[in-house]
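Secondary and tertiary structure notes
Chain residues, written in single-letter form:
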Amino acid sequence: MLDKDELERYSRQIMLFGEDGQERLKDACVFIAGAGGLGCPVALYLAVAGVGHLRIADKDTVEKTNLNRQVLHWENDIGREKVLSVGDKLREINPHIEAETFHITIDESNVRELVGDADLIIDAMDNYPVRYLLNQIAYEKGIPLIHGAIRGFDGQAMTIIPGKSACFNCVFPSPTPTEVFPVLGVTPGIIAMIQVNEAIKYLLKKGDLLTDRLLIWNGLSSEMEYMKVSRRPDCKICGTGSKLQE
Amino acid sequence: MTITLDIELINSDLSNQKLTVPIDTTYENVLDILGINQETVLLLKDKKAVPIDGIAVPGNLTIMCIASQG
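Residues numbered from 1 in each chain as written. Chains lettered and ligands numbered in written order. Predicted model: local features only at pLDDT ≥ 70, side-chain atom pairs only at ≥ 80, totals over all residues. Heavy atoms only, no water.

**A few points about the overall build of chain B**
Test applied: Counting from the N terminus, the helices are DSSP H or I runs at least four residues long and the strands are E runs at least two residues long. Note on method: radius of gyration uses C-alpha positions; expected globular size equals 2.2 Å times residues raised to 0.38. For the exposure calls, accessible area comes from a 1.4 Å probe over protein chains only, and a residue counts as buried if that area is under 20% of its type's maximum, exposed if over 50%, partly exposed in between. Two residues qualify as a contact provided that any one of their heavy atoms is within 4.5 Å of a heavy atom in the partner residue. We get accessible surface area from the Shrake-Rupley algorithm with a probe of 1.4 Å; when it comes to residues, only the shown protein chains can shield them. Counted charges follow a simple rule, with Lys and Arg positive, Asp and Glu negative, and His plus the chain ends left uncounted. Charge positions are represented by NZ for Lys, CZ for Arg, CG for Asp and CD for Glu.
Within chain B, the regular secondary structure consists of one helix and five strands. Listed N to C, the secondary structure of chain B is β-β-α-β-β-β in terms of helices and strands. In terms of C-alpha radius of gyration, chain B reaches 11 Å, essentially the compact-globule figure of 11 Å for 70 residues. Reported as C-alpha extents along the three principal axes, the dimensions of chain B are approximately 45 × 25 × 20 Å. Relative to its full complement of 70 residues, chain B shows a buried share of 46%. For chain B, contacts bridging at least 24 residues in sequence account for 48% of all contacts bridging at least 6. Carbon and sulfur atoms form 49% of the exposed surface of chain B, whose accessible area is close to 3600 Å². Averaging the positions of the 4 positive and the 9 negative side-chain charges in chain B gives two centres separated by 12 Å.

Structure representation (structure tokens):
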């Protein structure tokens, strides 16, 4: 049930999807993997939209080089655990939501528990090994996964409905090399907004999701392109021969 | 016998280019010729992904650099 303050706070979006929709957001739980360039704006906009339960995991502490893009970490946060920095800001910007934080490296041993019974998983990671792990858990648990990644002025995003649409492994069968990467702050902002838009649409059951399409953002030309993707029969996660199918 | 590919590069520092290669050349070979690490890109034909071990066909080929960071 929304209280008077919440009704006023969310009034402009209740005009879009009604109190029922707002309550759906309030009841939702989203697991955000990463509290960096993507994770900060993802968490911020889910929080202000009133998504009631956010679970955020990240192993890092705030460094000065993060501050050009990781918008919930400020000068005074340097040296703090990123998840604590994010948690404090979220509770301050919207006291009606719960932010549960985990200062931890996401790995095989803990990912199932971290994701728990979330309604959605948001990939705000900076590496492919954990993305593969999130994709596997999403498939095992039947929880949608919203992928985002960035580099420089460019980025990509895609929504994965396990068992129905192309999964992360279908599109990216092999990991990319790791690198110290260049990035402009607005790039994760743009991709994160697409991810949050997807999350809200999914939770409200509105619109057409970014499934079986990879959105490709080119910041230098300000163009978005879409690549059609489809499930691969030989995908080791969702393909017909996958061990997870057994 | 050779074929010509009109290569468009998305989100890359490299420029678009035409490439003529022997028939039966794989897309993997095309990337080798261009000096592109196959782990860093997706290949698209008519906006649909094509497998890296597929045989290249004449016409347009889009090479998209994968974003990997967060």
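Additional details are given in the paragraphs that follow.
**Focus on the side chain of A:Gln195**
Structurally, the position occupied by A:Gln195 is in helix α8 (residues 186-204). Ignoring any residue separated from it by four or fewer positions in sequence, one finds A:Gln195 in contact with A:Leu38, A:Val42, A:Ile122, A:Asp123, A:Ile146, A:His147 and A:Gly148.

**Re the nonpolar core**
Inclusion rule: Nonpolar cores are built from buried Ala, Val, Leu, Ile, Met, Phe, Trp, Tyr and Cys residues. Side-chain atoms within 4.5 Å join them into one set.
Ranked by size, the top nonpolar core spans 44 residues in total, and within it A:Val30, A:Ile32, A:Leu46, A:Leu54, A:Ile56 and A:Leu90 carry the most contacts. Residues in contact with A:Val30, not counting those within four places in the same chain, are A:Leu46, A:Val51, A:His53, A:Leu54, A:Arg55, A:Ala118, A:Leu120, A:Ile122 and A:Leu203. The next biggest cluster of nonpolar side chains, apart from the first, holds 42 residues, and it includes A:Phe31, A:Tyr128, A:Tyr132 and B:Met64.

**A short note on the UniProt feature "domain: THIF-type NAD/FAD binding fold" (unreviewed entry) in chain A**
Let me state the cut-off plainly: UniProt positions are given in the numbering used here, feature names are shortened, and annotations may be inferred rather than shown by experiment.
Mapped onto this numbering, the UniProt entry annotates "domain: THIF-type NAD/FAD binding fold" (unreviewed entry) at residues 10-236 of chain A. The span residues 10-236 of chain A is 36% helical and 21% strand by assignment, and the distance between its end C-alpha atoms comes to 42 Å.

**Overview of the environment of A:Gln156**
Filter applied, for reference: In the analysis that follows, any N or O atom pair within 3.5 Å is treated as a polar contact, provided that within protein one partner can donate a hydrogen and the other can accept it, and provided that, for residues neighboring in sequence, both atoms belong to side chains.
Residue placement: A:Gln156 occurs in strand β6 (residues 154-160). Taking relative accessible area as the criterion, A:Gln156 reaches 0% and is therefore assigned buried. Those residues in contact with A:Gln156, other than ones at most four positions away along the chain, are A:Tyr128, A:His147, A:Gly148, A:Ala149, A:Phe172, A:Ile191, A:Leu214, A:Leu215, B:Met64, B:Ile66 and B:Ala67. At a separation of 3.0 Å, a polar atom in the side chain of A:Gln156 contacts the main-chain amide nitrogen of B:Ala67.

**Considering unusual backbone geometry**
Residue and element names in this part refer to chain A. Even without glycine at this site, Lys205 takes up a positive phi of about 55 degrees. Mapped onto the fold, Lys205 is located in the loop between α8 and β7 (213-218). Accessibility expressed as a relative area gives 68% for Lys205, which makes it exposed. Phi angles above zero are rare outside glycine, and Ser222 is one such case at about 55 degrees. Mapped onto the fold, Ser222 is located in the loop between β7 and β8 (223-228).

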